[in-house]
Amino acid sequence: MEYGLVLWWLVAYLAFMAVGMPLAAVLFPRLADRGAGVALPAALAVLWVVAYVVGHVSLTAGLLVGLAVLAAATAAAVYRGAEFDRRRYGEVAAVFTVAFLFMIAIRAVDAGVHPAGGEKFLDFGMLQSLLRAEALPPEDVWFAGRPVKYYYGGHLVAALLTKITGTEARFAYNLALAGFFGMLVTAAYGLAGSIGASRGVSRVRAGAFGAFFVGFASNASTPLKLLMWLLPDGLASFVAGVLGIELSGVAAEGPSEFGYWSASRVIEGTINEFPLFAWLNGDMHAHMMSTPFVLLAAALLFSYYRTPAAERTRRLLLLLVAVPPLAGLLAVVNTWSFPIVGGLTFLTLALAPADPVSLLPGAVVEHIPRREDWQRELARHGVALAGAVAVVVLGALWSLPFWLGSASGGGRSIAVWTDRSSLGELLIVHGAFVLLFALHLARHAVPQVESDEVGEVLVFLGAGIAIAWFLASSAALALLGPVVAIGWVLLRTQADALHRIASRAIGTGKRAAADGGTATTESAASGDASTVKRLRDVLGFETLLIIAGAGVVVIVEFVYVKEQAGPGRMNTVFKTYADVWILWAVAAGAVLAHLVENHSPALALSGDNWQSAFRALAVVLVISTALYGTFALSAHFSGDTYPNHPEDPTLDALDFVTDRHPDEYAAIQWFDQLEGQPNIASAPGRGSQMYDWTNPVSSLTGVPTVVGWAHEVGYRGAEVYQTRVDHVDTIYTGSPAERAYYLDKYEVEYVYVGTNERQEYSEEELTAFESMAGVSVEKQWGDVAVYRVDQSALEYPDSDE
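Rules of the game
In every chain, residue numbers begin from 1 and rise along the written sequence. Side-chain atom pairs in this predicted model are given and counted only at pLDDT of 80 or more, local residue features only at pLDDT of at least 70, and totals for whole chains, interfaces and linings cover all residues. Just so you know, side-chain values use all the structure's heavy atoms and leave hydrogens and water out. For the purposes of this entry, the term helix denotes a DSSP run of H or I that reaches at least four residues, the term strand denotes a run of E that reaches at least two, and both are numbered from the N terminus. Within these notes, the globule rule equals 2.2 Å times the number of residues to the 0.38 power, and the radius of gyration is based on C-alpha atoms. To sort residues, take the accessible area from a 1.4 Å probe on protein chains only and compare it with the maximum for the residue type: under 20% means buried, over 50% means exposed, and anything in between is partly exposed. Any two rings among Phe, Tyr and Trp, with Trp reduced to its six-membered ring, count as a pair given centres within 6.5 Å; such a pair is stacked if its planes are under 30 degrees apart, edge-to-face if over 60, and tilted if neither. Throughout this description, the term charge over a ring refers to an Arg CZ or Lys NZ atom that lies within 6 Å of the ring centre and within 35 degrees of the ring normal. Note that patches include only residues with greater than 30% relative accessible area and no salt bridge, and the join distances are 9 Å for like charges and 5 Å for nonpolar side chains (Val, Leu, Ile, Met, Phe, Trp, Tyr). A 1.4 Å probe and the Shrake-Rupley method give the accessible areas. Residues count as covered only by the protein chains that appear here. When a carboxyl oxygen of Asp or Glu is within 4 Å of a side-chain nitrogen of Lys or Arg, the pair counts as a salt bridge. Two strands are counted as paired when DSSP detects at least two bridges linking them. Where helices are involved, their axes are fitted lines through C-alpha atoms of the stretch in contact, as for all axes, and angles between N-to-C directions lie from 0 to 180°. Two residues qualify as a contact provided that any one of their heavy atoms is within 4.5 Å of a heavy atom in the partner residue.

Draft legend 1. Spatial organisation of the overall build of the protein chain. Broken down by element type, the protein chain carries 35 helices and six strands. Taken against the 2.2 N^0.38 rule, which gives 28 Å for 801 residues, the C-alpha radius of gyration of the protein chain at 28 Å falls within 12% of a compact globule. Overall, the C-alpha framework of the protein chain stretches about 90 × 70 × 50 Å when taken along its three principal axes. Across the 801 residues in the protein chain, those meeting the buried criterion constitute 59%.

Draft legend 2. Layout of the packing of aromatic side chains. Under the counting rule described, the total for this entry stands at 48 aromatic pairs. Residues F258 and Y628 carry aromatic rings whose centres are separated by 5.6 Å and whose planes lie at 70° to one another, so their mutual orientation is edge-to-face. Highlighted residues: F258 in the loop between α11 (250-253) and α12 (275-281) and Y628 in helix α27 (residues 608-638), separated in sequence by 370 residues. Owing to a relative accessible area of 17%, F258 belongs among the buried residues under this scheme. Classification of Y628 as buried rests on a relative accessible area of 0%. Taken together, a centroid distance of 5.1 Å and an interplanar angle of 80° make the contact between W670 and F671 edge-to-face. Residue W670 is classed as buried on the basis of its relative accessible area, which comes to 18%. Over the aromatic face of F143 sits the side chain of R724, whose NZ or CZ is 3.8 Å from the ring centroid. If you follow K745 out to its NZ or CZ, it ends over the ring of Y746, 5.7 Å from the centre.

Draft legend 3. Structural detail: a nonpolar patch on the surface. Residues L385, V389, V393, L397, L400, W403 and L404 make up a contiguous nonpolar surface patch of about 660 Å² in total accessible area. Take the nonpolar patch: its biggest share by element is four residues, from helix α18 (residues 373-398). Relative to the helices and strands, L404 is located in helix α19 (residues 400-406). Judged by its relative accessible area of 69%, L404 falls in the exposed class.

Draft legend 4. A look at the pattern of salt bridges. Within the structure shown, the criterion is met by 16 salt bridges. A salt bridge links R170 to D652, with the shortest nitrogen-to-oxygen separation between them at 2.8 Å. In this pair, R170 sits in helix α7 (residues 169-198) while D652 sits in the loop between α27 and α28 (655-660), placing the two residues 482 residues apart along the sequence. Per residue, the accessibility class of R170 equals that of D652, and both read buried. Measuring nitrogen to oxygen at the nearest pair gives 3.1 Å for the salt bridge that ties E557 to R569. Of the two residues, E557 is situated in the loop between α25 (541-555) and β2 (559-562) and R569 in the loop between β2 and α26 (570-597); the sequence distance between them amounts to twelve residues. Side by side, E557 and R569 carry an identical accessibility label, which is buried. Several salt bridges converge on common partners, so that one network encompasses R87, E91 and R203.

Draft legend 5. Spatial organisation of the sheet that holds strand β4 (residues 748-753). If you trace the four strands from one edge of the open sheet to the other, you get β3-β4-β6-β5, paired in mixed fashion. Two strands in the sheet have a free side with no partner beyond their single neighbour: β3 (679-681) and β5 (775-781). Across the sheet, the axes of successive neighbouring strands diverge by a mean angle of 25°, strand direction being ignored. Across four bridges, β4 lies against strand β6 (residues 784-789) in antiparallel orientation. When the bridges of β6 are listed, Y752 appears paired with V786. Along the sheet, helix α29 (residues 662-672) contacts β3, β4, β5 and β6; its crossing angle with β5, the most-contacted strand, is approximately 125°.

Printed below as a string of structure tokens:
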């Protein structure tokens, strides 16, 4: 086990967190933790944005300039008076360390980037390619000579950390993976805690709940299957039929039949991952690396949400200066998260206490009709939409080189009116969150309804559900439509009250400061006892996150991206649900703390009995959603899942090659030592060979092959991909002249002959290289050979082909 590297990377992460603390204090003065939970992703975001922009000229220069800009930004924050809070730093550093070491322990018994069951070959190849690249964008390891057609921003973060720490990629992969997990858990802890504190409940309790739901909780699949096993057969069959659970595996045989995979495949034809599954599976994929930065974006918008209307300049700076470059970062890290930032921006502007119309110049505001309530609402939501569009456009400008060069096409299109998720499937995936959110909204909504209006409200609610269920054929709309509608209405009706509360708090702070007191604007807005008491009984930013997640779940029931990555809406649900989980997990942390602590008479479902009931609910939720992690980790550390080695832990991502493919390990090591990115020819990764030992040299070393895995069909189109496949086949099977032509066309420097090549081509075809002009044996290890190509000595007739 590489304990020295673990300590070295932990020190590096904590150092970046320390550097980010003053920046966070400036950006998040009204958050209870002053942004400490997102200090690390904030620091890395500054480094990334600069390195990305400058890196298109020189990646080395980009790294150096990025570090210099980060240092200067931190120095400027300190000069402005931002304090380094040691207590808060120690707290979030402890949370990060626990999460980081937890994931290190998991990865140490399954460190390999084996190709089965995930995207590790893609992810490791991307990391290696960036480490070899002189400038951005990196070369595609599976399509030599062309820039990558994929969102590579998260891998760039990992590559920058790898360069800074001077670590080999084979170890950096798992160390970076654990770091992303630590960042996610710490960001959830900080944001959930700050949202909870803004509602007058324990910051630490809300943060702990948020960290748990993000880092360890699962959907309801495992506890429900265990319940099926415990119930009498007749009752189990009835419940299983209602929810659509098959009475097999754990549901039929008990915990001994547990497998970690099935919990991520609940909704038919889709993938429904949650963070623990994703990190346990061990990919370092885009939808995982974007999560801490999505929460950073949410924190920035929460900072806007907490900023009073009077501070117009600060709100503009947050909206148009701070959020857009982060949106640009997310476009390159995980393009699926890019529109999420736009949606969160719209919701924040529309539902924040401060009217977004006040952001406009006074001369413009005077010409906006706002006498009637409907006119004010129309103006508010119109400006909110314009603000969201501005953030998306500016974010696109920050990431423009990506859109012009690396954003993949591959025949993608928008499809509508797709397959629907059943109610049972939705409840298994989202049920725990929906239960919490329903209780949360009910506590605030019921007191707002007059006794003589209850019947009318129930009729309208029932009618809406019926329309969604029968006319739209959507269980998601029926289940979550009321959540969106009730949450939206409550936030809007409470906005004026929140605005008055914030304004009074600001006025109090200013008067105290004028009188020579120590109170500040920020402390008055966040810590005044009377203000906190009022805020306890109204909805807050957690409800905005609830609405955001519910909106995404409903939208992907009707619209999806049609692409090669999977049939139907599989990939759309897969990637969007990753963001839904983290947004809802943070909201759930704040909500559950509020349910447990706040039993104000102004809320429904309050009092000692309800407090006891909600405490019991918290225990049940934590235990039930922790069952998956308990069973999965037990199997993981016992060595019962492929290809774990708990008896000999290591973070070496290539260690599995020595066990599984020893005949090619020496060749992979040899290619890994080559400088630059010389093109190679190897057997194409045909469609049936994905997620198999295919193109190992390019995937594990970053040395690009002419054509690799069939993922390239989705990136570049089937015809372009197949053309290269045919050309590589000709390199291995054609006449000497034909081979020479394509070796020259693709500037191939090495031809690889390994296990796959010997399966694809005959011995006679392979040995023909030895008699070709310009081709000679460079290295040989048993049946594995590398041929060197001298481009100047190749012989083939002139051709217009």
